[in-house]
Amino acid sequence: QVQLVEAGGGLVQAGGLRRPSCAGSGIIFSLNTMGWSCQAPGKQRELVASITIDTTTNYAESVKGRFTISRDNAKNTVYLQMNSLKPEDTAVYYCNAWNPYTKNTYWGQGTQVTVSS
């Protein structure tokens, strides 16, 4: 059974930082592209950042220079370092895993990040 479990969300003031994490099980973590997406109330879920098997990263324009995605395959964990947070970053942040070989995609349950002004 595949599980992606996010942790580390919470309430933070504008300009602050958070570092949510996502621990995976039931998959060969190192063979998956990992990503973080966010969904704000009334909006569609959108990709925030991703990191491939060879650690190539990709970011949404809105977070470039502020967020950093990283992975620790030994711990089956992916992180999202969120700096200089803005109220518009408020959303539920979801972790996902995508296997480029099997094309399977898995999602975590999400963690809420709220940025107060």
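For the structure itself, look to the data block above.
Residues numbered from 1 in each chain as written. Predicted model: local features only at pLDDT ≥ 70, side-chain atom pairs only at ≥ 80, totals over all residues. Heavy atoms only, no water.

K.L.:
Can you tell me about the side chain of N99, naming the residues and giving the values?
P.N.:
For N99, the position within the fold is in the loop between β9 (91-98) and β10 (105-107). Under the relative-accessibility criterion, N99 is labelled buried at 12%. Excluding its chain neighbours within four sequence positions, the residues that come into contact with N99 are L31, N32 and N104. (Helix = DSSP H or I, 4+ residues; strand = E, 2+ residues; numbered from the N terminus. Buried < 20%, exposed > 50% of the residue type's maximum accessible area, 1.4 Å probe, protein only. Contact = heavy atoms within 4.5 Å.)

K.L.:
If you had to explain the nonpolar core to someone new, which residues and values would you point to?
P.N.:
Within the largest apolar cluster, 26 residues are counted, with the highest numbers of intra-cluster contacts made by V78, L80 and Y93. Elements with a minimum of two residues in this core: β4 (33-39), β5 (46-51), β7 (67-72), β8 (77-82), β9 and β11 (111-116). For this core, the element with the highest residue contribution is β9, accounting for four residues. Beyond its immediate sequence surroundings of up to four residues, Y93 is in contact with E6, W36, S37, C38, V48, F67, L80, M82, G110, T111 and V113. (Core = buried A, V, L, I, M, F, W, Y, C linked by side-chain atoms within 4.5 Å.)

K.L.:
Give a description of the state of the cysteines that names residues and reports values.
P.N.:
On inspection of all chains with the given rule, the structure shows one disulfide. Through a disulfide, C22 is tied to C95; the S-S separation comes to 2.1 Å. Measuring the twist about the S-S bond at about -75 degrees, one finds the C22-C95 disulfide to be left-handed. Here C22 is found in strand β3 (residues 21-25), whereas its partner C95 is found in strand β9, with 73 residues between them in sequence. An identical accessibility class is assigned to C22 and C95; each is buried. (Disulfide = S-S within 2.5 Å.)

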